[in-house]
Amino acid sequence: MKIQEKIIKDEILEKLELGNFYKILNQNIFPLLNEQELSFVKEVEDFCLELAPTIDREKDVYVLFPKLGEQGFIQRMNKYKDFVPYGMKYEVLLATILSICDPQLDLARLASGILCGNPTFQHGESSEISKVQADLMEGKGIGCILITEPERGSDAVNLLTTCEKADDGVIFNGEKIFTTNGPKADYFVGYGVYNMKDPRGTMVQAMFKKEFGIRTERLRINAVPRVHIAHSILEDVKVPYPYILGDDGKGYNYLFDGLIPERISIVGSTIGICWNGLIHGLIYSNLRKQFNKDIIGYQGVGFPLADLLTKVTAATMMAFQIASIYDDKILFAEKPSKEIEKWMASLSSQIKYYGCKLSHEVTYEVQNHMGGISLTDNTLLDEALDASKVEEVIGGTRNVQLLIVKNSIRRMFKSIL
Ligand SMILES: Cc1cc2nc3c(=O)[nH]c(=O)nc-3n(C[C@H](O)[C@H](O)[C@H](O)COP(=O)(O)OP(=O)(O)OC[C@H]3O[C@@H](n4cnc5c(N)ncnc54)[C@H](O)[C@@H]3O)c2cc1C
């Protein structure tokens, strides 16, 4: 988007270019990565540096999906075609780097590639699902996930969307809200139950195609205007059996197993938003002068930035480490142990809680340390702050993450009874 009225000095604006953000990011993350990870980081950054000048920030993000697809960047958790390397650590790196370039694009990519795409790798056995997967991964088709309902948000167990078996498919009736990408989507991973009194035993996970009859109405979400988010209505929508991914209760396990990689992937985006915000402050405060002094020289600016850098480094290390452990112990493990899965559920909630809250703190605080300029369109900081609000809610609110962590504390105590 063209700046409406430029008030920032040229010499500061030119330092706020994406290449400098990556130079500073790299100094902070390179010691944490091996050779293969380093070259992947370089590949994604080079891609973003080419992409950035082509982004029209007045247009929806979806026009950029095919470009992501060409490079295998719709997701990197699962192996698709010859796009290597892959795994959760690479997915987190991809999200981090892309969120510095364009946090709204990364949000929509994640909803399509991970939230909708993941089940096609984990539970898709039919040729129909392979076609959906190819369409999603190439960025030609757009995907989304339908969990949240008007009366069932944090409580994703007790769904009100119902299912009924027919000869040639399962019929869904219900209402979903906050469907990221929904109004633009070709594919929807959705959940319903045969018996509301027994959601665990009867939940179904299905892949809906738009043409099966889902109706979507766009919600106005001011924080991410380039991403379309829907109220989705399922009225006697029949899903043929080849598109049923988990029937008769399997849907419940798939939903909750899926939340762990989804949350770790969201953390990749939030770590990117943290660095996005912090680097804005770091560059600007070294160039902006007041009272004849660089503002970083004032303790009121320099020390809080140092405090934020410390927290962001800690969150980044935690996120990378959790992603690596997820790869070793779950994604690439022959038979992940139940203990590891429980531990990972708590850990993914801990970093989702901490990383998302931190991304808001960093962008909000840096805005204060930069002063008025960061509220204008002369920098991209305000967009990052807005995106951080969404990251906190999507994938479960702060309290829901704490609820999961609190449950793990109870389990720990029970182990010594
Ligand atoms: C921009 C955006 C995009 C989204 N994208 C998607 C998507 O693509 N697909 C999808 O399915 N959903 C999506 N969501 C929905 C999101 O996951 C939910 O908003 C979230 O799970 C919370 O549900 P709720 O909004 O109904 O809040 P509620 O569940 O009503 O919660 C309200 C408040 O109560 C607290 N609370 C609730 N239960 C407890 C508890 N047991 N203990 C303590 N506190 C509690 C919550 O933390 C929150 O503070 C999106 C939401 C937004 C805003």
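Residues numbered from 1 in each chain as written. Predicted model: local features only at pLDDT ≥ 70, side-chain atom pairs only at ≥ 80, totals over all residues. Heavy atoms only, no water.

**Side note on the overall build of the chain**
Piece 1. What the chain contains, in helices and strands, is 13 helices and 10 strands.
Piece 2. Taking 417 residues into account, the globule formula puts the C-alpha radius of gyration at 22 Å, and the chain, at 22 Å, falls close to it.
Piece 3. C-alpha atoms of the chain, sized along the principal axes, occupy 75 × 55 × 40 Å.
Piece 4. The buried share of the chain, taken over its 417 residues, is 54%.
Piece 5. Long-range pairs, those at least 24 residues apart, make up 75% of the contacts in the chain between residues at least 6 apart in sequence. (Helix = DSSP H or I, 4+ residues; strand = E, 2+ residues; numbered from the N terminus. Rg over C-alpha atoms; globule rule 2.2 N^0.38 Å. Buried < 20%, exposed > 50% of the residue type's maximum accessible area, 1.4 Å probe, protein only. Contact = heavy atoms within 4.5 Å.)

**Description of the environment of V193**
Piece 1. Its place among the elements puts V193 in strand β4 (residues 187-193).
Piece 2. Separated by 55 residues in sequence, V193 and D248 have C-alpha atoms that sit 8.3 Å apart.
Piece 3. Contact partners of V193, with chain neighbours within four places excluded, come to L159, T161, T162, C163, P199, T202 and M203.

**Quick look at the packing of aromatic side chains**
One pair of aromatic rings is described through two measures. These are the centre distance and the angle between the planes.
Piece 1. In the structure shown here, the tally under the stated rule is eight aromatic pairs.
Piece 2. Look at F47 and F73: their rings are 5.2 Å apart centre to centre, the planes differ by 70°, and that puts the pair in the edge-to-face class. One end of the pair, F47, is in helix α3 (residues 35-51); the other, F73, is in the loop between α4 (65-70) and α5 (88-101), and 26 residues separate them in sequence.
Piece 3. You can call F47 buried: its relative accessible area is 13%.
Piece 4. Residue F73 is classed as buried on the basis of its relative accessible area, which comes to 1%.
Piece 5. A centroid spacing of 4.7 Å and a plane angle of 70° characterise the contact between F172 and F208, whose relative ring orientation is edge-to-face. Of the two residues, F172 is situated in strand β3 (residues 169-180) and F208 in strand β5 (residues 203-209); the sequence distance between them amounts to 36 residues. Both residues of the pair, F172 and F208, belong to the buried class. (Phe/Tyr/Trp six-rings, centres within 6.5 Å; stacked < 30°, edge-to-face > 60°.)

**Let's talk about the pairing of strand β2 (residues 162-166)**
Piece 1. As defined by bridge partners, β2 adjoins β3 across five bridges and the pair is classed as antiparallel. Each residue of the ladder has a partner; that of E164, found in β3, is I171.
Piece 2. Turn length for the β2-β3 hairpin, with the two strands adjacent in sequence and antiparallel, is two residues. (Pairing = 2+ DSSP bridges.)

**Looking at helix α2 (residues 18-29)**
Piece 1. Given a rise of 1.5 Å per residue, 12 residues ought to cover 16 Å, and the 16 Å separating the end C-alpha atoms of α2 matches this to within 8%.
Piece 2. Taken across its 12 residues, α2 has nine buried, putting it largely inside the fold.
Piece 3. Residues L18, G19, N20, F21, Y22, I24, L25, N26 and I29 constitute the buried set of α2.
Piece 4. On its buried face, α2 is in contact with α1 (10-15), α3, α5, α9 (250-287) and α10 (299-331). (Expected span 1.5 Å × (residues − 1).)

**Some words on the site of the ligand**
Piece 1. Within the structure, the ligand sits among 17 residues, and T148, S154, F178, T180 and T397 are positioned closest to it.
Piece 2. Here an oxygen atom of the ligand sits 2.8 Å away from a polar atom, N or O, in the main chain of I147.
Piece 3. Between the ligand and the protein, one listed contact pairs a nitrogen atom with a backbone N or O atom of F178 at 2.8 Å.
Piece 4. Taken together, the elements giving at least two residues each to the shell around the ligand come down to β1 (143-146), β3, α12 (381-393) and α13 (398-414).
Piece 5. At three residues, β3 tops the list of elements feeding residues into the shell around the ligand.
Piece 6. Each residue belonging to the shell around the ligand can be placed in one class, and the counts come to nine nonpolar, eight polar and no charged. (Near = heavy atom within 4 Å. Polar contact = N/O pair within 3.5 Å; in protein donor to acceptor, adjacent residues only side chain to side chain. Nonpolar A, V, L, I, M, F, W, Y, C, P; charged D, E, K, R; others polar.)

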